[in-house]
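Overview (structure and organization)
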Amino acid sequence: MSKVIKKLAVLTSGGDAPGMNAAIRSVVRTCAYHNIECVGVQRGYEGLIDGDFKVMDARSVRGIINKGGTILKSARSAEFRTKEGRQKAFEMISKANIDGLVAIGGDGTFTGAMIFNEEFDFPVMGIPGTIDNDIVGTTHTLGFDTALNTVVDAIDKIRDTASSHDRLFFIEVMGRDVGHIALNVGIAGGAEEILIPEEDLGLDRLVESLNRSRKSGKTSSIVVVAEGDKIGKNIFELKDYVDQNMEGYDVRVSVLGHMQRGGAPSCFDRVLASRMGVKAVESLLEGKSNYMVGLINSKMELTPLEKAIKGKTKINLELLRVSDIMSI
Ligand code: F6P
């Protein structure tokens, strides 16, 4: 029988994402609601190894639902990837009488949580927080919706310059291995082409398509490129190639970078974070462990961490087709 949970810890790890604070708030308040003690772990798994814990009560998370980043700070811990590091973390956790852990982050965070669970039979629950939306077991990760809105806003602004100067802009958006951000913002921002890792358009077809839209009367164009795109060139080489192989456009590059991860979470991300925190804590209290909470068909569901990590998210083919039709 699983041990009765009296005290939980919560941490954020990996790249920060808008909505992480709202999720911390939800975990802390759900613990308070169920009369469970809660501690916040500073700097992700680093803080777990150092025993950097602070007691959190319902009032300690006031005023953070609308804040980007993470009040607990985040890190990508190299030491937690070692057996010695995890052993130290377990000793700290045992000393502090912590009975379970809610880990908010992406696939690296979940891999750490899963191994920790395997080695020490310690109850863990994951909340998916990454702007990339590259986790299986949820239609939306925390921060994805906010990042989409941030990027669309940036594209709208760049479009003002593109159309005023008759320019072609290559805009690079985040998405190390996946094109979810690129595909959605490409459609919402009215891009002529969207380059994503899941689809290799090829350079010739890209130039052909841009030429076609130029001839059809377009005087400026936007191409959205996911940072992990596999077309074989980085965005600056891509710009040079198009510059050399196409006439009539002044070509520019804009790399949006980390501004995509910042800012106040959207309403959607705040609600999602609040729901995920409740589900994560209550699932641990029910004796469940080694799962990730996620949104499937509008409901909170659990997916085994292993499946969430190993699975590959699929690009929505319908969106690809819509984008093709819209860019005629
Ligand atoms: O995983 C989220 C992400 O934003 C990726 O899209 C991006 O490649 C990466 O983080 C950047 O990480 P860092 O902040 O460590 O440079």
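A brief look at the structure comes next. In this text the structure is predicted, and so the values were computed from the model without any measurement. (Residues numbered from 1 in each chain as written. Predicted model: local features only at pLDDT ≥ 70, side-chain atom pairs only at ≥ 80, totals over all residues. Heavy atoms only, no water.)

Let's talk about the overall build of the protein chain
Under the convention used in this document: Here a helix means four or more residues in a row that DSSP labels H or I, a strand means two or more in a row labelled E, and each is numbered from the N terminus. Between the two quantities, the radius of gyration covers C-alpha atoms and the globule rule is 2.2 Å times the number of residues to the power 0.38. To sort residues, take the accessible area from a 1.4 Å probe on protein chains only and compare it with the maximum for the residue type: under 20% means buried, over 50% means exposed, and anything in between is partly exposed. The contact criterion used is simple: two residues touch if any of their non-hydrogen atoms lie within 4.5 Å. Per-residue accessibility takes into account occlusion by the displayed protein chains alone, with areas from the Shrake-Rupley method and a 1.4 Å probe. Under this rule, positive means Lys or Arg and negative means Asp or Glu; His and the chain ends count for nothing. Think of each charge as sitting on NZ of Lys, CZ of Arg, CG of Asp or CD of Glu.
Along the backbone of the protein chain there are 11 helices and 11 strands. Taken over the C-alpha trace, the protein chain has a radius of gyration of 22 Å; the compact-globule value for 328 residues is 20 Å, and the two agree within 12%. Burial analysis of the protein chain (328 residues in total) assigns 53% to the buried set. Considering only contacts in the protein chain between residues 6 or more positions apart, those separated by 24 or more positions represent 76%. Of the roughly 14,800 Å² of accessible surface on the protein chain, a fraction of 49% belongs to carbon and sulfur atoms. For the protein chain, the centre of its 41 positive side-chain charges and the centre of its 44 negative side-chain charges are spaced 5 Å apart.

Here's the deal with the sheet that holds strand β11 (residues 299-304)
Heads up, the rule is: Note on pairing: DSSP must find at least two bridges between two strands before they are called paired. Angles shown run from 0 to 180 degrees and are taken between the N-to-C directions of axes, each axis being a line fitted to C-alpha atoms and, for helices, limited to the stretch in contact.
As summarised here, the arrangement of the seven strands in space is β3-β2-β1-β4-β5-β10-β11, forming an open sheet in which the pairing is mixed. The open sheet has two edge strands, β3 (53-55) and β11, and neither has a second partner. With direction set aside, neighbouring strand axes in the sheet form an average angle of 30°. Here strand β4 (residues 100-105) pairs with strand β5 (residues 124-128) via five bridges, running parallel. In the strand pairing of β5, L101 is matched with V124.

Describing the layout of surface pockets
To keep it simple, the criterion reads: Using protein atoms alone on a 1 Å grid, points that fit a 1.4 Å probe yet trap it form a cavity, whereas open point sets bounded by protein on both sides within 12 Å along at least five of seven lines form a pocket; residues with an atom within 4 Å of a point count as lining. Grid points are joined across faces, edges and corners, and a volume is the space filled by probe spheres set on the points. Note on residue categories: nonpolar means Ala, Val, Leu, Ile, Met, Phe, Trp, Tyr, Cys or Pro, charged means Asp, Glu, Lys or Arg, and polar means any other residue, Gly included.
Counted as a void, the largest pocket has a volume near 540 Å³. Surrounding the largest pocket, 27 residues form its lining, G14, R76, D107, G108 and R176 being those nearest its centre. Among the elements that take part in the lining of the largest pocket, helix α4 (residues 107-120) stands out by supplying six residues, more than any other. Residues belonging to the lining of the largest pocket are distributed by class as follows: six nonpolar, 11 polar and 10 charged. The calculated volume of the second largest pocket comes to roughly 450 Å³. What lines the second largest pocket is a set of 19 residues, among which E192, E193, S209, D324 and S327 lie closest to the centre. Looking at the lining of the second largest pocket, the elements that each hand over two or more residues are β7 (193-195), α7 (203-215) and α11 (317-326). The element contributing the most residues to the lining of the second largest pocket is α7, with six residues.

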